[in-house]
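# A closer look at the structure
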Amino acid sequence: MIDYKLHIPGPVDVSDGAYQALTTPVMGHRSPDFVDLYQKCQPILQKLFMTEDPVFLSTSSAWGVMEGAIRNLCGKKVLCCMCGAFSDKWLDVAKRCGKNADALSVEWGSHIDPALLDQKLSSGEYDLVTLVHNETSCGMMNPLKEIMKVLAKYPSVFSVIDTVSSFSVVPIPKDEWGIDVMLTGSQKALALPPGLALFSVSQRAFDRAKSIEGRGYYFDFIEFLKNHEKGMTPSTPVIPLIHSLHYTLEKILEEGIEQRHQRHDQLNQRVHQWVESNGFELLPEKQYASKSLTCVSNKLEIDVAGFVKTLREEKKLSIDGGYGKIKGKTFRISNMGNESTDSIDFLLNQMDEILTRFK
Ligand SMILES: *Cc1c(COP(=O)(O)O)cnc(C)c1O
């Protein structure tokens, strides 16, 4: 039994209302009731994706769409921008899909330098770039606007942008910045249970996909588009999660999208203050620190695993003890989803109590 609250950067804490919505009775996925549900979500999703293109719902985790985007859009060679655990893995995924792929790799915690990307793309070798906007493993947010400006110089290079942990935290104007595929997942900033990926595809990306072989079926963008026109998905979707999505989207509108962004910014700053006042540091440079979560560099060399365990067992609060090769050297605190000033202040106070034993 889970008797603690999640403050890890995904999956994040799910509200009672979102859980409740999961119990809405299931209907046929080819029924008018489903079409109605799908079409009610659409305009709100388009608002959040800041796009006029369709927003698709994929019954998979985000990786399904991340792999799918490569299979739909890479005809020549993909350049994978790598700056942490999620972005690093994408190179391997591309190769396993049988694609030619190169890395543009920087240290974990560093950002992707637009000038470096420009230099790489000037070789003319690539027709696709993958980028993780917010590298959740390092708490680093890439300068997406500047990166998209570089991509705009290379019209034959398409972009796949993972916004899994930044979507609805900061504005990401997909159309204005010319993003070809923007994707996210349910269990991070949207604070839904896992199992649903959401993505939007540009018109020119559909045009290219039509000419690419080996797109497969489950993640074929053209199948998604055909079904979307009928208010449906290609195969039976995870209907309970779509009910919960609709509930959440309405809640987001109720709060206001800008207000939501501001709330995340404020909560994030509170955690940053805690980091400073306790003598820790952020892993990334402050300028590129994520607004969704905080990745703390363990400068004080505390026993992170012990700290995280004690916090969970005694205070019933779960933070993350570091991802992959930076486990123990960092720890992470999420401010995504439904967190409030009260819930973050409570967490930080409880952390203070436990921390005195570990300093
Ligand atoms: C969590 C996460 C993913 C992986 O999502 P899955 O739902 O496990 O497929 C990908 N990218 C980023 C940035 C993430 O934070």
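Here we summarise the structure given alongside this text.

What counts and how
- Residues numbered from 1 in each chain as written.
- Predicted model: local features only at pLDDT ≥ 70, side-chain atom pairs only at ≥ 80, totals over all residues.
- Heavy atoms only, no water.
- Helix = DSSP H or I, 4+ residues; strand = E, 2+ residues; numbered from the N terminus.
- Buried < 20%, exposed > 50% of the residue type's maximum accessible area, 1.4 Å probe, protein only.
- Contact = heavy atoms within 4.5 Å.
- Near = heavy atom within 4 Å.
- Polar contact = N/O pair within 3.5 Å; in protein donor to acceptor, adjacent residues only side chain to side chain.
- Areas by Shrake-Rupley, 256 points an atom, 1.4 Å probe, with all protein chains shown as cover.
- Core = buried A, V, L, I, M, F, W, Y, C linked by side-chain atoms within 4.5 Å.
- Domains from an automatic or database assignment.
- Salt bridge = Lys/Arg side-chain N within 4 Å of Asp/Glu carboxyl O.
- Axes fitted to C-alpha atoms, helices over the stretch in contact; angles between N-to-C directions.
- Parallel < 35°, antiparallel > 145°, perpendicular 65-115°, else oblique.
- Expected span 1.5 Å × (residues − 1).

Attention shifts here to the environment of Met82. Secondary-structure assignment places Met82 in strand 3 (residues 78-82). According to the relative accessible area criterion, Met82 is buried, its value standing at 9%. Separated by 92 residues in sequence, Met82 and Lys174 have C-alpha atoms that sit 21 Å apart. In this structure Met82 touches Ser87, Asp88, Leu91, Ala103, Leu104, Ser105, Val106 and Ile112, once residues within four positions along its chain are discounted.

Another point: the site of the ligand. The ligand sits among 13 residues. The nearest are Ser61, Thr136, Asp162, Gln187 and Lys188. One of the side-chain nitrogen or oxygen atoms of Asp162 is found 2.5 Å away from a nitrogen atom of the ligand. Within the complex, the protein chains bury 90% of what would otherwise be the 380 Å² of accessible surface of the ligand. In terms of residue count, helix 3 (residues 62-73) provides more of the shell around the ligand than any other element does, three residues in total.

This brings us to the nonpolar core. Residues Leu45, Trp90, Leu117, Leu121, Leu183 and Leu245 are the most contacted members of the largest nonpolar core, which totals 96 residues. Of the residues that make up this core, three or more belong to each of domain 1 (5-12 + 257-355) and domain 2 (16-253). The residues contacting Leu245, other than those within four sequence positions of it, are Cys41, Leu45, Leu57, Leu190, Leu192, Leu196 and Leu198. Core analysis: the next-biggest nonpolar cluster, separate from the first, contains 23 residues, Leu267, Ala289, Val304 and Ile354 among them.

The next thing to look at is the pattern of salt bridges. Applying the stated rule across the entire model yields 25 salt bridges. The salt bridge partner of Arg71 is Glu67, with a shortest N-O separation of 3.8 Å. On the criterion of helical spacing, the pair formed by Arg71 and Glu67 is a turn pair, its members being four residues apart in helix 3. Since its relative accessible area comes to 27%, Arg71 is described here as partly exposed. Assessed through its relative accessible area of 32%, Glu67 is described here as partly exposed. Of the charged contacts in the structure, one is a salt bridge between Lys291 and Asp265, with a shortest N-O distance of 3.0 Å. Of the two residues, Lys291 sits in the loop between strand 11 (281-282) and strand 12 (293-297) while Asp265 sits in helix 11 (residues 257-277), which places them 26 residues apart along the sequence. Via salt bridges that share partners, Asp53, Lys174 and Asp175 belong to a single interconnected network.

Let us look at the environment of Asp352. Tracing the sequence through the fold places Asp352 in helix 13 (residues 341-355). Of the residues examined, Asp352 reaches a relative accessible area of 30% and is grouped as partly exposed. Leave out the neighbours within four places in its chain, and Asp352 touches Trp274 and Asn278.

Across the interface, helix 8 (residues 203-211) lies against helix 9 (residues 221-228) with an axial gap of 9 Å and an inter-helix angle of 125 degrees. The orientation of helix 8 relative to helix 9 falls into the category oblique. From helix 8, Phe206, Ala209 and Lys210 reach across to helix 9, where they touch Phe221, Ile222 and Leu225.

What follows deals with helix 11. With 21 residues, helix 11 extends 31 Å from end C-alpha to end C-alpha; this agrees with the ideal 30 Å at 1.5 Å per step. Against helix 2 (32-49), helix 10 (239-255), strand 11, strand 12, strand 14 (330-334) and helix 13 lie the buried residues of helix 11. Positioned one or two residues after helix 11, Gly279 has a phi angle of 80 degrees, which is positive.

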